[in-house]
Amino acid sequence: MASFGWKRKIGEKVSKATSQQFEAEAADEKDLADDDDATWVHATKRRKEILLEDCVKKSKELKDEGADLAENRRYREAILKWDEALQLTPEDATLYEMKSQVLMSLHEMFPAVHAAEMAVQRNPRSWDAWQTLGRAQLGLGEIALAIRSFQVSLHIFPMNPEVWKEDLSWARKLHEQQKATKTESVQALLKQKELAQEPIPDYDFESDEIVAVCAAIAEKEKALAAAKTVVIVSASGAVETVTEKDNCPTTPDETLFIRAR
């Protein structure tokens, strides 16, 4: 039987000089590849930066165009411009805050509150975004929430006289009026409930006064039953009123009568 020995590796037949030359060439190719990768990454990053700069520039142009339209009361067109700008810079809190103001001018309070909330989410340190949110909440009737939003705005910018003297003061006045109205409504409801629960008077049906009244009514009904009045129309057309009694049921004469009670 033939015996088999271990096979030699191919690399063992390669000379040392050839191996060193191969390794040097491989290292050069790796360096070139690394340089190409670095160049490609740098170029891609630069393209992204340029694209971002273009988006920011275009968004600012659209924002300014929308502001001009809003100043001329062309609110719908302004919203379209700002929506287009938000597609380019969706994290711009100012766009949402401006949009909320315009929506309030259009009396669209639900979208106005939503836009202001988006502005606050993107920039919680924006005092004007909190102020706009408070005004939108007031328009929606959420007075307590509006007071909180104005307080946050003042916490961020305490020296703002507009929020302190106008917005917060007005919101607190409305809150006091709301509390007074609610108190009056509760009191009126309680009064109605008390009146509805008043007990029925306990009349004494066996008292002398009640007995006397019942006796008088019975005597009157007895007298009416004893004397009955009828209207008699004769054949000739004469009309006569006759009182009938139990012991005298006969008619005045033998003429034919038509009776009507």
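Residues numbered from 1 in each chain as written. Predicted model: local features only at pLDDT ≥ 70, side-chain atom pairs only at ≥ 80, totals over all residues. Heavy atoms only, no water.

**A word on the packing of helix 5 (residues 127–139) against helix 6 (residues 143–156)**
- Helix 6 packs onto helix 5 with a crossing angle of 165 degrees between their chain directions and a minimal axis gap of 8 Å. The angle between the axes of helix 5 and helix 6 places the two elements in the roughly antiparallel class. When the axes of helix 5 and helix 6 are compared, the crossing they make is left-handed. Only Ile143, Leu145, Ala146, Arg148, Ser149, Phe150, Val152, Ser153 and Ile156 of helix 6 make contact with helix 5, whose side of the interface consists of Trp127, Trp130, Gln131, Leu133, Gly134, Arg135, Gln137 and Leu138.
- Its residues placed into classes, the contact of helix 5 with helix 6 shows 10 nonpolar, 5 polar and 2 charged. (Axes fitted to C-alpha atoms, helices over the stretch in contact; angles between N-to-C directions. Helix = DSSP H or I, 4+ residues; strand = E, 2+ residues; numbered from the N terminus. Parallel < 35°, antiparallel > 145°, perpendicular 65-115°, else oblique. Left-handed = near helix turned anticlockwise from the far one by under 90°. Contact = heavy atoms within 4.5 Å. Nonpolar A, V, L, I, M, F, W, Y, C, P; charged D, E, K, R; others polar.)

**Quick word on the confidence of the model for the protein**
- In the predicted model, the protein carries a mean pLDDT of 76, and the fraction of residues at 70 or more is 60%.
- Ranking the helices and strands of the protein by mean pLDDT puts helix 4 (residues 109–122) first, with 96, and strand 3 (residues 257–260) last, with 46.
- Throughout residues 1–14 the model reports pLDDT below 50, and contacts reaching past four residues in sequence, or to other chains, amount to 1 contact.
- Taken together, the stretch residues 254–261 has pLDDT below 50 and engages in 18 contacts with residues farther than four places along the chain or on a different chain. (pLDDT = per-residue confidence, 0-100.)

**Topic: unusual backbone geometry**
- Even without being glycine, Arg73 reaches a positive phi, approximately 65 degrees.
- Along the chain, the position of Arg73 falls in the loop between helix 1 (16–71) and helix 2 (75–88).
- On the basis of relative accessibility, which here comes to 65%, the residue Arg73 falls in the exposed class.
- Backbone geometry at His107 places phi at a positive 60 degrees, although glycine is not the residue there.
- Here His107 shows up in the loop between helix 3 (93–105) and helix 4. (Buried < 20%, exposed > 50% of the residue type's maximum accessible area, 1.4 Å probe, protein only.)

**Let's talk about the UniProt feature "repeat: TPR" (unreviewed entry) in the protein**
- Within this structure's numbering, the places UniProt gives as "repeat: TPR" (unreviewed entry) are residues 127–160.
- Counting secondary structure, residues 127–160 comes out at 79% helix and 0% strand; the distance between its end C-alpha atoms is 9 Å. (UniProt positions renumbered as here; feature names shortened; annotations may be inferred.)

**Details of the packing of aromatic side chains**
- Under the counting rule described, the total for this entry stands at 1 aromatic pair.
- Seen in terms of ring centroids, Trp127 and Phe157 are 5.3 Å apart; in terms of plane orientation they differ by 50 degrees. Their pairing is tilted. Remark: Phe157 occurs in the loop between helix 6 and helix 7 (161–196) and Trp127 occurs in helix 5; sequence separation between them is 30 residues.
- Exposure remark for Trp127: the relative accessible area of 29% places this residue in the partly exposed category.
- For Phe157, a relative accessible area of 32% puts it in the partly exposed group. (Phe/Tyr/Trp six-rings, centres within 6.5 Å; stacked < 30°, edge-to-face > 60°.)

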